[in-house]
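# Fold and contact review
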Amino acid sequence: MNSYYGLSEIEYELMQLFWQSDKELFFAEIVRYCNEQKGHDWAQTTIHTYLSRLIQKNVLTSSRKGYKRSYKAKVSEEELSGIWANKFIETSYGNSVTKFLVSFTKKTKLSKEEIDHLHQFLDEQLPNDDSSI
C-alpha cells in the first residue's frame, strides 16, 4: 500500500475530497462521496474510523452543528507536503538540507534549468540585509 505524506492511500483519497472543497463537509456528504462516487460500499463506522485517524494525524478538523458533524481540512496539501518533507530531512539527514540535496543529486544529473531554478530559490533565501549598502 502506498503512502502519501505519511497518510495511507485511503486517507490520502479522503483528504483529496477535503482539499478540493472550500467548505466544511457533513458526514452524510462524505459517505456519499466514498460509496457513490468512489464505489467503496463502506459502512459508516469504517468511514468514521478513517476520519478519526485523519483528525489524530492533525490534518482534519471536526465540529458539531446541532446533531450533525462537519469536517474540514486543517492543512492544505502543500502545507502537508512541506511538513512531511521537513520531518523526512530532520530524521534522515540530521535536519541538513545540504546533506539531503547532495544525497539526492549525487547520482542524478540536473538540467541547466533545474540548476538555475535552485540558484534562484537559494538567492531568495538569503537575508535581505540592506545595512551593508
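Rules and cut-offs
Residues numbered from 1 in each chain as written. Predicted model: local features only at pLDDT ≥ 70, side-chain atom pairs only at ≥ 80, totals over all residues. Heavy atoms only, no water. Axes fitted to C-alpha atoms, helices over the stretch in contact; angles between N-to-C directions. Helix = DSSP H or I, 4+ residues; strand = E, 2+ residues; numbered from the N terminus. Parallel < 35°, antiparallel > 145°, perpendicular 65-115°, else oblique. Left-handed = near helix turned anticlockwise from the far one by under 90°. Contact = heavy atoms within 4.5 Å. Nonpolar A, V, L, I, M, F, W, Y, C, P; charged D, E, K, R; others polar. Pairing = 2+ DSSP bridges. pLDDT = per-residue confidence, 0-100. Buried < 20%, exposed > 50% of the residue type's maximum accessible area, 1.4 Å probe, protein only. Core = buried A, V, L, I, M, F, W, Y, C linked by side-chain atoms within 4.5 Å.

On to the packing of helix α1 (residues 9-20) against helix α2 (residues 27-37), then. Relative to each other, α1 and α2 sit at 125°, their axes nearing to 11 Å. By the criterion of interaxial angle, the relationship of α1 to α2 is oblique. With respect to the hand of their crossing, α1 and α2 are arranged in right-handed fashion. Where α1 approaches α2, its residues Glu13, Leu14, Leu17 and Phe18 are matched on the opposing element by Ile30, Tyr33 and Cys34. Per-class residue counts for the contact of α1 with α2 are six nonpolar, no polar and one charged.

Moving on, we get to the pairing of strand β4 (residues 60-65). Here is the key point about a regular strand: its side chains alternate between the two faces of the sheet. Pairing between β4 and strand β5 (residues 68-73): six bridges, direction antiparallel. Across the sheet, the residue bridging to Thr61 is Lys72, located in β5. Remark: two residues form the turn of the hairpin made by β4 and β5, two consecutive strands paired antiparallel; Gly66 in that turn has positive phi of roughly 65°.

Moving on, we come to the confidence of the model for the chain. Summarising the model, the chain shows a mean pLDDT of 88, and 95% of its residues fall at 70 or more. Mean pLDDT values for the elements of the chain range from 78 in strand β1 (residues 3-4) up to 97 in helix α3 (residues 44-56).

Before going further, it helps to spend a moment on the environment of Lys109. Relative to the elements of secondary structure, Lys109 occurs in the loop between α5 (97-105) and α6 (112-125). Under the relative-accessibility criterion, Lys109 is labelled exposed at 79%.

Our focus in this paragraph is the nonpolar core. Membership of the largest hydrophobic core comes to 25 residues, with the highest contact counts inside it found for Met15, Phe18, Ile30, Ile47 and Leu51. Only α1, α2, α3 and β5 provide two or more residues apiece to this core. Broken down by element, the residue count for this core peaks at seven residues, all from α1. Beyond its immediate chain neighbours, meaning those up to four positions away, Met15 contacts Leu7, Leu54, Val59, Leu60 and Ala73.

Reading across the sheet, the three strands line up as β3-β5-β4 and stay open at both edges, with antiparallel pairing between neighbours. Each edge of the open sheet is held by one strand with a lone partner, namely β3 (25-26) and β4. With respect to the sheet, α3 is in contact with β4 and β5, its orientation differing from that of β4 by roughly 120°.

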